[in-house]
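# Working through the structure, step by step
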Amino acid sequence: MKRQAEPAAGASLTLGSGESAGLRRAAAPLTLPERAHLDLRFRSAPWKRVVEAFEPDGRLVDFGCGPGLLAHLLQRAGFQGTYLGLDSDARKVDRARRWLPESPARIFRAGTVDAATPGAFSQAALIDVLYLVPPPERADFLARAVRALTPGGLFVALTSGGGPGWKRRLDSAQERLAVGLGVTRGGGVATCDGAEIARLLEAAGLTGAAVVDVGRGFLHGFELVLARRPLT
Ligand SMILES: C[S@@+](CC[C@H](N)C(=O)[O-])C[C@H]1O[C@@H](n2cnc3c(N)ncnc32)[C@H](O)[C@@H]1O
């Protein structure tokens, strides 16, 4: 596992300014609390860095897609491929469908990692999900997730983590609150950081795992983890 200051160069997806307004317009079909949640989620995480980590086309599966923010931002950034969003919480899938029309190029389904056809996706996303998977189950969860990738496929994970200790304590408290209030459903809450994800992805057979600190300028610490399935 290596630590990188920046993701590898060559990104061609990017978000411009004015995304908050674009999000508000797109999310108009949702209720006020749902729109407020999306707005807060957009402002509180490094989405520009997340979107830039993906390739501009190919077949992408988003594990734990939630209400569809990544799908929306990828489209805004010019993503030309196909997108499958999976979430174990059917309420989140329903919410995603209410503001993001489905098409052959963009589908949302209730389900978890096993719902993705093995070897069918050139990119996989896991954005702020693993803290909801109990630590003893994470290795198996990621091993099943990486099976979705084609040889050479790219895995992109975002997790809270990095930064000073006070940021980690804040992350943990907020995540417990979200699960406690029922805003987020999961098997429990236990923080995980980029190094843990990188180690588990390499144990699952991916190579070149790199951890990038993308939390600067945000209240919470964030780390991006990038890794690839080997070509052979
Ligand atoms: C904090 S939300 C993040 C949602 C979205 N990725 C985003 O960043 O906006 C975590 C999501 O993971 C989903 N989730 C939790 N455990 C899961 C699992 N085992 N399989 C699929 N989704 C899961 C939850 O239902 C929730 O929608």
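Below is a short write-up of the structure.

Conventions and cut-offs
- Residues numbered from 1 in each chain as written.
- Predicted model: local features only at pLDDT ≥ 70, side-chain atom pairs only at ≥ 80, totals over all residues.
- Heavy atoms only, no water.
- Near = heavy atom within 4 Å.
- Areas by Shrake-Rupley, 256 points an atom, 1.4 Å probe, with all protein chains shown as cover.
- Nonpolar A, V, L, I, M, F, W, Y, C, P; charged D, E, K, R; others polar.
- Helix = DSSP H or I, 4+ residues; strand = E, 2+ residues; numbered from the N terminus.
- Buried < 20%, exposed > 50% of the residue type's maximum accessible area, 1.4 Å probe, protein only.
- Contact = heavy atoms within 4.5 Å.
- Phe/Tyr/Trp six-rings, centres within 6.5 Å; stacked < 30°, edge-to-face > 60°.
- Lys NZ or Arg CZ within 6 Å of the ring centre and 35° of its normal.

With that settled, consider the site of the ligand. Close to the ligand lie 18 residues; Arg 41, Gly 64, Asp 87, Thr 112 and Ile 127 are nearest. In isolation the ligand has 590 Å² of accessible area, and contact with the protein removes 92% of it. Looking at the shell around the ligand, its residues break down into seven nonpolar, five polar and six charged.

In this structure, Asp 128 is a non-glycine residue whose phi angle is positive, near 60 degrees. Locating Asp 128 in the fold gives a position in the loop between strand 5 (121-127) and helix 6 (135-146).

Further remarks concern the side chain of His 220. Position of His 220 among the secondary structure elements: in the loop between strand 7 (207-213) and strand 8 (222-228). Take His 220: its relative accessible area is 8%, and that puts it in the buried class. Non-local contacts of His 220, meaning those with residues more than four positions away in its chain, are made with Lys 167, Leu 170, Asp 171, Gln 174 and Gly 215.

This next bit is on the packing of aromatic side chains. Evaluation of the coordinates by the stated rule reveals two aromatic pairs. Between the aromatic rings of Tyr 83 and Phe 108, the centroid separation amounts to 5.6 Å while the plane-to-plane angle is 65 degrees, which identifies the pairing as edge-to-face. With Tyr 83 in strand 3 (residues 82-87) and Phe 108 in strand 4 (residues 106-110), the pair connects residues that are 25 residues apart, well separated along the chain. Measuring from centroid to centroid gives 6.1 Å for Phe 218 and Phe 222, while their planes differ by 85 degrees, and the two rings are edge-to-face. The class for Phe 222 is buried, based on a relative accessible area of 4%. The ring of Phe 121 is capped by Arg 59, whose NZ or CZ atom sits 5.1 Å from the centre of that ring.

Everything listed is a geometric property; what it means functionally is a separate question.
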